Amino acid sequence: MATPVLTVQDLHKSFGPRVVFDGVAFAVDEGEKVGFIGVNGSGKSTLFRIVAGIDGHEGGTLAFRRDARVGYLAQEPEFAEGDTILRAVAAGKPGLQDAIAEYHEVAGRLARGEGDVDRLLARQGEVAGRIETLGGWDYEHRMEAILTRLGVERWERPVEGLSGGERKRVALARVLLQEPELLLLDEPTNHLDADTTAWLEEHLQGYPGAVMLITHDRYFLDRVVTRMIEVSVGELTPYPGGYTEYLEARAERMERLSTEEDKRRKLIAQELAWVKRSPSARTGKQQARINRLGDIQKEQADKRLPSRDTVEMSTGVVPHLGRTVLNLHAVSKRYGDRVLVRDFSTILQAGERIGIIGPNGAGKTTLLRIIMGLEAPDSGEVETGKNTRIAYFDQRREDLDPAATVYESVGSQDWVTVGGKRTHLRSYLETFLFTPEQQRQVVRSLSGGERNRVLLARLLLQDANLLVLDEPTNDLDLVTLQVLESMLADYPGCVLLVTHDRFFLDKVATGLIAFEGEGRLRRHAGSYDLYRRLRAQREAEEAAQRPAERKSAAQPGRPEKKDAARKLSYKEQKELGGMEEAILEAEARKEELGARLADPALYSEPPEAVARATAAFREASERVDALYARWAELEELRSGAV
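These numbers come from a predicted model, not from an experiment. (Residues numbered from 1 in each chain as written. Predicted model: local features only at pLDDT ≥ 70, side-chain atom pairs only at ≥ 80, totals over all residues. Heavy atoms only, no water.)

Caption draft 1: Quick peek at the confidence of the model for the chain. Looking at the chain as a whole, its pLDDT mean stands at 83, while 88% of the residues score no less than 70. Confidence drops under a pLDDT of 50 for residues 303-307, and excluding neighbours within four residues, the segment shows three contacts in the predicted structure. (pLDDT = per-residue confidence, 0-100. Contact = heavy atoms within 4.5 Å.)

Caption draft 2: The sheet that holds strand 6 (residues 182-186), seen in detail. Sheet architecture is open: six strands sit in the order 5-6-7-3-8-9, paired in mixed fashion. On the outer flanks of this sheet lie strand 5 (70-73) and strand 9 (235-240), each paired with one strand and no other. Geometrically, the sheet is characterised by an average inter-axis angle of 20 degrees between neighbouring strands, direction not taken into account. Of the pairings in the sheet, the one linking strand 8 (residues 227-232) to strand 9 comprises six bridges and is antiparallel in character. The residue of strand 9 that forms the bridge with Ile 229 is Pro 238. Against the sheet, helix 1 (residues 44-51) contacts strand 3 (33-37), strand 5, strand 6, strand 7 (210-214) and strand 8, and its axis sits at roughly 150 degrees relative to strand 7. Of the strands in this sheet, strand 5 and strand 6 are in contact with helix 6 (residues 164-178), which crosses strand 5 at around 170 degrees. (Pairing = 2+ DSSP bridges. Helix = DSSP H or I, 4+ residues; strand = E, 2+ residues; numbered from the N terminus. Axes fitted to C-alpha atoms, helices over the stretch in contact; angles between N-to-C directions.)

Caption draft 3: Structural view of the pattern of salt bridges. Across all of its chains, the model carries 30 salt bridges by this definition. As a salt-bridge pair, Arg 130 and Glu 102 come within 3.1 Å of each other at their nearest N and O atoms. Linking Arg 130 in helix 4 (residues 117-134) with Glu 102 in helix 3 (residues 94-112), this pair joins segments that are 28 residues apart in sequence. Given the relative accessible area of 30%, Arg 130 is considered partly exposed. (Salt bridge = Lys/Arg side-chain N within 4 Å of Asp/Glu carboxyl O. Buried < 20%, exposed > 50% of the residue type's maximum accessible area, 1.4 Å probe, protein only.)

Caption draft 4: Region of interest: helix 15 (residues 448-459). Its 12 residues give helix 15 an end-to-end C-alpha distance of 17 Å, which sits within 8% of 16 Å, the value for a rise of 1.5 Å per residue. Among the 12 residues in helix 15, 10 count as buried, and that is most of the element. Those residues of helix 15 that fall on the buried side of the exposure criterion are Gly 448, Gly 449, Glu 450, Asn 452, Arg 453, Val 454, Leu 455, Leu 456, Ala 457 and Leu 459. Taken together, the buried residues of helix 15 touch strand 14 (390-393), helix 12 (406-410), helix 13 (425-430), helix 14 (436-439), strand 17 (466-470) and helix 16 (478-489). (Expected span 1.5 Å × (residues − 1).)

Caption draft 5: Quick peek at the sheet that holds strand 11 (residues 338-348). With antiparallel pairing, the three strands of this open sheet are ordered in space as 11-10-13. Edge positions in the sheet fall to strand 11 and strand 13 (379-384), since each of these pairs with one other strand and no more. Pairwise comparison of adjacent strand axes, ignoring direction, gives a mean angle of 20 degrees for this sheet. In the sheet, strand 10 (residues 326-335) pairs with strand 13 via five bridges, with the strands oriented antiparallel. Along strand 13, the bridge assignment pairs His 329 with Glu 381. Where helix 11 (residues 364-372) meets the sheet, it contacts strand 10, strand 11 and strand 13, and its direction lies at approximately 125 degrees from that of strand 10.

Caption draft 6: How the structure looks around unusual backbone geometry. Backbone geometry at Arg 154 places phi at a positive 50 degrees, although glycine is not the residue there. Inspection of the secondary structure assignment puts Arg 154 in the loop between helix 5 (139-149) and helix 6. Residue class for Arg 154 comes out exposed when judged on its relative accessible area of 53%. Look at Asp 343: it is not a glycine, yet its phi comes out positive at around 50 degrees. Residue position: Asp 343 is located in strand 11.

Caption draft 7: Broad picture of the nonpolar core. The biggest cluster of nonpolar side chains holds 91 residues, and the ones touching the most others in it are Leu 172, Leu 185, Met 313, Tyr 428, Phe 432, Leu 467 and Leu 488. The element contributing the most residues to this core is helix 6, with seven residues. In this structure, Val 8, Val 51, Tyr 72 and Ala 74 belong to the second largest nonpolar core, which totals 26 residues. (Core = buried A, V, L, I, M, F, W, Y, C linked by side-chain atoms within 4.5 Å.)

Caption draft 8: Here's a closer look at the packing of aromatic side chains. In the structure shown here, the tally under the stated rule is seven aromatic pairs. Taken together, a centroid distance of 5.7 Å and an interplanar angle of 75 degrees make the contact between Phe 26 and Phe 36 edge-to-face. Of this pair, Phe 26 sits in strand 2 (residues 18-29) while Phe 36 sits in strand 3, and the two are 10 residues apart along the sequence. Each member of the pair, Phe 26 as well as Phe 36, carries the same accessibility label: buried. Through a chain of ring-to-ring contacts, three or more aromatic side chains come together here, namely Phe 26, Phe 36 and Phe 48. The cationic tip of Arg 223 hangs over the ring face of Tyr 219; the distance from NZ or CZ to the ring centre is 5.0 Å. (Phe/Tyr/Trp six-rings, centres within 6.5 Å; stacked < 30°, edge-to-face > 60°. Lys NZ or Arg CZ within 6 Å of the ring centre and 35° of its normal.)

Caption draft 9: Fine view of the packing of helix 3 against helix 4. Contact pair helix 3 / helix 4: the axes reach a minimum separation of 9 Å and the direction vectors enclose 155 degrees. Taken together, the axes of helix 3 and helix 4 are roughly antiparallel relative to one another. For helix 3 against helix 4, the interelement crossing comes out left-handed. Here helix 3 contributes Gly 95, Leu 96, Ala 99, Ile 100, Glu 102, Tyr 103, Val 106, Ala 107, Arg 109 and Leu 110 to the contact with helix 4, which in turn contributes Val 117, Leu 120, Leu 121, Arg 123, Gln 124, Val 127, Ala 128, Arg 130, Ile 131 and Leu 134. (Parallel < 35°, antiparallel > 145°, perpendicular 65-115°, else oblique. Left-handed = near helix turned anticlockwise from the far one by under 90°.)

Caption draft 10: Quick peek at a negative patch on the surface. Among the surface-exposed residues, Asp 222, Glu 245, Glu 248, Glu 252 and Glu 255 lie close enough to one another that they form a single negatively charged patch. Among the elements that line the negative patch, the one with the most residues is helix 9 (residues 243-277), at four residues. Relative to the helices and strands, Glu 248 resides in helix 9. (Patch = residues over 30% accessible without salt bridge, like charges linked within 9 Å, V, L, I, M, F, W, Y side chains within 5 Å. Areas by Shrake-Rupley, 256 points an atom, 1.4 Å probe, with all protein chains shown as cover. Lys, Arg positive; Asp, Glu negative; His and termini not counted. Charge placed at Lys NZ, Arg CZ, Asp CG, Glu CD.)

Okay, here's the thing in structure tokens:
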């Protein structure tokens with residue numbers, strides 16, 4: 001039986017009249033990975049801060065396993081004044097760093113012939129033993145390896161000058177290197193590119209300690225956690241499994257609660273009908289029945305869900321797009337010797353929703369700023385259609401005044417037009433889950449997710465037909481993410497979107513612009529999952545070609561054959577446009593035939609039926625492979641012509 005590393009019982013926490021936790025309890029076992037889920041403001045981060053010992057609580061107990069250490073990654077991490085990146089990360093194990101510094105000091109004194117040699121040697125041996133106990137001599141090597149894996153460079157830089165994304169990655173490196181028995185991670189995938197997120201998934205899957213995790217990354221939850229805990233209305237509800245299992249179990253629970261509430265309503269209706277029929281003689285059993293009605297009504301009030309617990313998003317009237325939406329003509333941009341964008345051309349067509357992906361620091365935000373006219377390209381041109389109206393979501397939230405209230409930040413008028421209807425700004429903000437009291441809060445007091453909701457509320461009031469969104473998913477809760485996905489999927493204009501949320505891209509994007517290194521950008525049709533599979537196939541083919549290339553290079557005099565880059569023909573463009581649908585149909589056919597082969601009933605039929613099904617499955621598999629290969633070929637041809 002697993003031993004709990006943390007046991008929480010009867011926890012109470014309030015902020016003024018607002019109750020966050022009302023006697024909640026849970027435990028986390030050694031090595032267990034637990035995901036915490038809930039709407040913004042439900043108390044997830046507050047719970048983590050309580051467990052980390054940063055915030056207090058009004059009642060209850062937190063019991064940790066003896067000698068268990070707790071490591072905490074905050075949503076907005078803090079560092080000591082004057083820290084460089086290396087010093088900030090090393091602060092995760094201050095005792096080890098002090099011991100290494102002392103060892104080097106003693107070694108220096110021995111080299112200079114200072115002091116009593118025997119005493120210094122004894123001291124050096126003692127410190128060396130302490131270093132081994134605290135983690136060993138390879139700590140500095142591991143520190144540098146993790147920083148490199150997280151995409152953090154130039155470690156001598158001061159932390160004060162780092163972007164929010166870099167600060168988060170430095171803090172993540174610091175807490176991972178602590179290797180605590182209980183790891184608390186609040187939105188660890190924010191600002192991580194897809195490859196780094198995949199690495200973190202693998203790292204946490206093999207992590208020997210327990211992990212408590214808050215994240216909006218649904219793929220991450222499915223691949224890492226073994227249990228989910230939903231935080232809502234002052235209570236915690238556990239669900240076994242990852243995000244997919246959580247959705248299934250929650251749907252069953254909601255249906256059960258709905259059935260119970262229907263029964264309570266019927267019971268109340270019956271009791272009310274009796275009360276109306278019997279106005280006199282309220283004594284004895286009759287009075288007891290009236291009391292029972294009061295108890296049922298109170299129980300229903302206690303069980304009733306809040307009147308609004310989901311964000312509602314709708315856009316105003318979207319202006320009609322012209323023939324030209326947005327064209328990029330041979331755009332290039334570099335900083336010093338570093339090329340971010342090299343000779344990139346593309347056309348954005350009406351109705352397209354394009355995801356922009358690439359490693360941290362590749363230049364995704366710079367590309368958006370060039371499109372917005374906030375930065376000039378070194379060469380090339382950005383052509384914006386005369387009917388194109390752009391609304392911009394800035395991941396840095398720079399145009400949010402920390403001292404302004406939520407109400408002041410969203411609108412300068414008391415009345416706004418949403419979806420063609422005139423409504424009061426206060427009512428509009430309530431659809432974004434800001435109560436009248438919260439609307440009077442200043443921005444600096446809001447969580448990251450709440451600040452993003454403020455920006456989205458303001459964005460959707462603009463008369464725009466091209467939404468340019470830079471990391472809009474950061475810090476949003478999963479319910480709000482689902483609403484945003486649905487809104488963007490139905491948006492009649494165009495969308496340019498930078499996000500590292502793979503699930504979000506698969507749900508929203510109709511195509512991708514991928515930063516693939518050294519300033520190369522490629523357009524890809526279809527979802528992120530399809531891009532990932534095509535890239536893996538291309539990399540495998542390139543790896544297989546390398547031995548042949550080396551052999552060819554060893555035989556001088558044989559000219560290397562190269563395919564001349566050319567533009568796709570109209571027929572090929574049409575073929576490429578329908579390729580994703582063709583692949584989906586082929587994969588569905590393959591899955592259908594696979595299910596038939598797995599059905600035991602098939603093998604009670606004549607042998608020729610089994611043979612036909614097997615041949616059909618083999619043919620369907622070859623069809624899928626051929627379509628993927630053709631897609632890759634067409635994409636290569638198009639990229640070569642750009």
